[in-house]
Amino acid sequence: MDVFEIQAHGDGFVARLSGIDDRNAALEIRGSLVGVPASSFPPPDPGEYYWRDLIGLRVVNSDGTLFGKVERLIETGAHDVLVVKGERERLIPFVERFVTGIVQEDGLLRVDWEDIG
């Protein structure tokens, strides 16, 4: 389906799509997920990343401990948070203080994170 028009509406978007010509047709696809090919994304600026590029990276602490892999990210308003799954789940803020390096070509995200508890 092609998108003819799109505009922000609340916390989402309203779009006019090809082949959806009346209210009944629109109601049938209401709530559907819409995807955009990654090839259409502009390249991120240096030091910026798309979430999709971080998911699956191995997370290694400054002492060499493998914490697991980035499963997903959470948007909190203040900053994004990495959800790292390994022998247990860790929530690590995606901020420079804790994320010390990302080597995408090696599938690696380095952190300086002290476990509490």
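These figures come from a predicted structure and were not determined experimentally.

Trainee: Help me understand the sheet that holds strand β7 (residues 99-103), please; the structure alone is not making it clear to me.
Mentor: What links the strands of a sheet is backbone hydrogen bonding, and the strands pair in either a parallel or an antiparallel sense. Pairing is mixed across the open sheet formed by six strands, whose spatial order is β6-β5-β4-β3-β8-β7. The strands lining the two open edges of the sheet, one partner per strand, are β6 (89-93) and β7. Strand-to-strand, the axes of this sheet are offset by a mean angle of 35°, without reference to chain direction. Note: strand β5 (residues 80-85) against β6, five bridges, orientation antiparallel. Paired with Val83 across the two strands is Leu91, which belongs to β6.

Trainee: Would you mind going over the packing of aromatic side chains with me for this structure?
Mentor: In this description, a pair of aromatic rings is defined by centroid distance and the angle of the planes. Per the counting criterion, the structure on display carries two aromatic pairs. Summarising the aromatic geometry, the rings of Phe41 and Tyr50 are spaced 5.0 Å apart at their centres and angled 45° between planes, so their arrangement reads as tilted. The class for Phe41 is partly exposed, based on a relative accessible area of 29%. Relative accessible area serves as the criterion here: at 25%, Tyr50 is assigned to the partly exposed category. Here the aromatic rings of Phe98 and Trp113 are separated by 4.9 Å at their centres, their planes lie at 80°, and the arrangement is edge-to-face. Of this pair, Phe98 sits in the loop between β6 and β7 while Trp113 is found in the segment after β8 (108-111), placing the two residues 15 residues apart along the sequence. With respect to class, Phe98 is no different from Trp113; both count as buried.

Cut-offs used in this document
Residues numbered from 1 in each chain as written. Predicted model: local features only at pLDDT ≥ 70, side-chain atom pairs only at ≥ 80, totals over all residues. Heavy atoms only, no water. Pairing = 2+ DSSP bridges. Helix = DSSP H or I, 4+ residues; strand = E, 2+ residues; numbered from the N terminus. Axes fitted to C-alpha atoms, helices over the stretch in contact; angles between N-to-C directions. Phe/Tyr/Trp six-rings, centres within 6.5 Å; stacked < 30°, edge-to-face > 60°. Buried < 20%, exposed > 50% of the residue type's maximum accessible area, 1.4 Å probe, protein only.

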